[in-house]
Amino acid sequence: MATFLYRLGRLAFRRRHFVALIWVALLTLAGVGAASAPAAGNSSFSIPGTEAQKAFDLLEQRFPGTSADGATARVVFKAPSGEKVTDARNKATVEKTVDKLSRGFEVASVDDPYTTRAVSQDGTIAYASVRYKVSGMELEDSSRTALNEAARQARDAGLTVEVGGDALQTAPQIGASEVIGIAIAAVVLVITFGSLLAAGLPLLTALIGVGIGVSTITALAHTLDLGSTTSILATMIGLAVGIDYALFIVSRYRAELAEGREREEAAGRAVGTAGSAVVFAGLTVVIALVGLSVVNIPMLTKMGLAAAGTVVVAVLIALTMIPALLGYAGRKVKPAGAASGLLRRGRPARQPDRPNMGTRWASFVVRRPVAVLLLGVLGLGAAAIPAASLELGLPDDGSQPVSTTQRRAYDLLSEGFGPGFNGPLMVVVDAKDSADPKASFTKVTDEIKGLKDVVTVTDARPNKAGDTATVTVVPDSKPSSTATEDLVHAIRGAGGDIEAKTDAKVLVTGSTAMNIDVSQKLNDALLPYLALVVGLAFLLLIVVFRSVLVPLKAALGFLLSVLAALGAVVAVFQWGWLSGLMHVEETGPVMSMMPIFMVGVVFGLAMDYEVFLVTRMREAYVHGEKPGQAVVTGFRHGARVVTAAAVIMIAVFSGFIGSSESMVKMIGFGLAIAVFFDAFIVRMAIVPAVLALLGRRAWWLPRWLDRALPNVDVEGEGLRTEQRPEHADPDGDRALVRA
């Protein structure tokens, strides 16, 4: 592989005009496609195989035209102090608002609170339910404007009016914090390279890669039913790995120049060596992201595939466009260790025989491996302790900031009707095979009324055929509580007995039941997913390092870092530690998909640093150095760059903490803290300590396995025999002049 990539790097260096033209054309094509594509709606949220999804599908069949998956809104009215919503003046205001809401062209129905008994017992609070024909993300802006305008006019009449539900759901916005993250990455690159030009190359290529990836996602969003969060995740991952992959190749290029090689030769060797590490690091990320499809949640599958596609683009750009841009830059990119014209003007370069910080740190770890190993493991173990209290759930209006109308509507409904009113359960009774459907409906309502934690059970509402009915159940507890989850399981348990006696099937659905089913599905898929992803990546790393213990150590280190990161997420988003600093206005259960998502993404990113750092050690060991010295050599060449890459990735992920979307905020924080733990504690401390303790045993591989494995030559051993073409330009400057 190293030889092939070496030739690819030299070809891209020589044919830079052609390479640049291809990528600019792809960016233009993707941009035009995104601009001309129809607007994407909300990605349909379906959970195949769950009871809640089966009930939704049944409702679509038996209750046609009811828009079971359409957007909903609850307009909540509260009378002024000392008054009631049933007073003549207030009642007239509410009825006027209901009439105004019903005129919307996307409105399917509006319930009058006075005819549906949607008034609190004390008469101070009432609500009107609005159902739309389309989902929340597909609503026209005019419909949201009409909803807000109706609420405003009712407020002007003296009532307190708030609006909840997914009708106000909008696409999460990328704000200034993401730009700040990119700015921090730019500063780190300038400090690392000491040159604006060299620092700009990784940023430029990463932005082009993300532009191509996100534009392609936007162009296909309507056709493939991709949600808005898909492009945000692709941006997050694409920026981080795009900058890092380019950073490693540029750094290796400068190191090759420092050894006296010509510029085209240096570009080829940089792509042949660091590029090999980029390929395998990218493969681990792609495996982790594509592996999300085993969970069988379409939304998560699409997010993973889209982000994986962006990573593939980042790898291809790093392998081709970076050497092309280095050809354009010529002598303006200095060899490693040369005096910088930006940060070291007038100062001599660092003496080559003076050990850098990476060398000094690695030497210390090699001398004190046991102490460093124990300190790292105990530190990560302490950070992981909060993960034992992990509570999973999906966000609802109760997790919104108190400044939003959705949260205020949620609180008003809890005040007037109880906390469980915000998460009603819909029980669907399929009596098509029952001899007496009406008796089955009555049996179901009577059974549910006798269960614990039930406040209200409505009468069964049959369809026109009379073979299916819906029953609304209001729990006594809030939607995200364990008591509500127990009630869902209790209803389903009672449904089994009812089916045995009446042949009527009982299904529980609704947003609360759907959230419970999603959490259960994700929990059930976590171990198989972990085994699949870690197993495939383990095999891949055996091929890369030609060792059994190094990949095993890499996987165990990843488990430490991801558990510590989950502990930090629990501490901030569930316990409320540092919540003010993170702008987390409401604590609660951790998002259900967070553990499995972190396992996938963090594993891929963790293996990036493992590959980049340990391949340098492997390269030194293969070339004859002793194991301990190989560790030090790997750090001398790679520690500074890995540190810069980790800081850049942390900065990019941290930028998404400022997102308006709670899921994006949590993912950004979780990935940022996970990279910190993995890069600076696992890869920079635990890895060299373990390798120092193992010595030559770290690189042990059974002979039969050594013969069976393909030789991918990540260390670039094959480049020693590769001859430079006679026509190569010694410094690339004549080619630059001709260009």
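On a plain count of helices and strands, the protein comes out with 22 helices and eleven strands. Here the protein holds 739 residues, and 55% of them are scored as buried. If you sum the accessible surface of the protein, you get close to 31200 Å²; carbon and sulfur atoms cover 59% of it.

Here Val-94 lies in helix α4 (residues 88–101). In sequence terms Val-94 and Val-75 are 19 residues apart; their C-alpha atoms lie 9.7 Å from each other. In this structure Val-94 touches Phe-77, Pro-113, Tyr-114 and Leu-159, once residues within four positions along its chain are discounted.

Compared with an ideal rise of 1.5 Å per residue, which puts 32 residues at 46 Å, helix α10 (residues 298–329) spans 44 Å between its outermost C-alpha atoms and is within 8% of the ideal. Helix geometry: α10 is bent most strongly at Ala-318, by close to 35 degrees. Among the 32 residues of α10, 25 are classified as buried, and the element is accordingly described as predominantly covered. Phi turns positive one or two residues past the end of α10, at Gly-330, with a value near 60 degrees.

Before going further, it helps to spend a moment on the confidence of the model for the protein. Within the protein, residue pLDDT values average 83, and 90% of them lie at 70 or more. No element of the protein has a lower mean pLDDT than helix α22 (residues 733–738), which averages 36, and none a higher one than helix α12 (residues 369–384), which averages 94. The low-confidence segment residues 345–349, where pLDDT is below 50, has five contacts with residues more than four positions distant or belonging to other chains. Counting interchain partners and residues more than four positions distant, the pLDDT-below-50 stretch residues 723–739 has 30 contacts.

For Ser-231, the position within the fold is in helix α8 (residues 228–258). Classification of Ser-231 as buried rests on a relative accessible area of 18%.

Take the packing of aromatic side chains next. For the structure on display, the rule yields nine aromatic pairs. Ring plane angle 65 degrees and centroid distance 5.2 Å describe the contact between Trp-575 and Trp-577, whose orientation is recorded as edge-to-face. Accessibility expressed as a relative area gives 36% for Trp-575, which makes it partly exposed. Ring-pair connections join several aromatic residues into one group, and the members of that group are Tyr-127, Phe-417 and Phe-421. Between the NZ or CZ atom of Arg-16 and the centre of the ring of Phe-13, over which it lies, the distance is 5.4 Å.

The next thing to look at is the packing of helix α1 (residues 2–14) against helix α9 (residues 263–290). Working note: a packed helix pair is described by the angle between its axes plus the distance between those axes. Here α1 crosses α9 at 130 degrees, and the two axes come no closer than 7 Å. With respect to each other, α1 and α9 are oriented oblique. The two elements α1 and α9 cross, and the hand of that crossing is right-handed. Seen from α1, the contacting residues are Ala-2, Leu-5, Tyr-6, Gly-9, Arg-10, Phe-13 and Arg-14; seen from α9, they are Arg-263, Glu-264, Glu-265, Ala-267, Gly-268, Arg-269, Val-271, Gly-272, Gly-275, Ser-276 and Val-279. Split by residue class, the contact of α1 with α9 holds seven nonpolar, five polar and six charged.

Throughout the structure, instances matching the rule amount to 25 salt bridges. Among the ionic pairs, Glu-83 bridges to Arg-89, the shortest N-O distance being 3.4 Å. Judged by its relative accessible area of 26%, Glu-83 falls in the partly exposed class. Each of Arg-10, Arg-14, Glu-264, Glu-265 and Arg-269 takes part in one network of salt bridges that share partners.

Our next topic: the packing of α12 against helix α20 (residues 662–694). Relative to each other, α12 and α20 sit at 145 degrees, their axes nearing to 8 Å. For the pair α12 and α20, the sense of crossing is left-handed. Contacts between α12 and α20 involve Pro-369, Val-370, Val-372, Leu-373, Gly-376, Val-377, Leu-380 and Ala-383 from the former and Phe-677, Ile-681, Val-682, Ala-685, Ile-686, Ala-689, Val-690, Ala-692 and Leu-693 from the latter. Of the residues in the contact of α12 with α20, the class split is 16 nonpolar, one polar and no charged.

Reading the values: the criteria
- Residues numbered from 1 in each chain as written.
- Predicted model: local features only at pLDDT ≥ 70, side-chain atom pairs only at ≥ 80, totals over all residues.
- Heavy atoms only, no water.
- Helix = DSSP H or I, 4+ residues; strand = E, 2+ residues; numbered from the N terminus.
- Buried < 20%, exposed > 50% of the residue type's maximum accessible area, 1.4 Å probe, protein only.
- Areas by Shrake-Rupley, 256 points an atom, 1.4 Å probe, with all protein chains shown as cover.
- Contact = heavy atoms within 4.5 Å.
- Expected span 1.5 Å × (residues − 1).
- Bend = angle between axes of the 7 residues up to and from the residue.
- pLDDT = per-residue confidence, 0-100.
- Phe/Tyr/Trp six-rings, centres within 6.5 Å; stacked < 30°, edge-to-face > 60°.
- Lys NZ or Arg CZ within 6 Å of the ring centre and 35° of its normal.
- Axes fitted to C-alpha atoms, helices over the stretch in contact; angles between N-to-C directions.
- Parallel < 35°, antiparallel > 145°, perpendicular 65-115°, else oblique.
- Left-handed = near helix turned anticlockwise from the far one by under 90°.
- Nonpolar A, V, L, I, M, F, W, Y, C, P; charged D, E, K, R; others polar.
- Salt bridge = Lys/Arg side-chain N within 4 Å of Asp/Glu carboxyl O.

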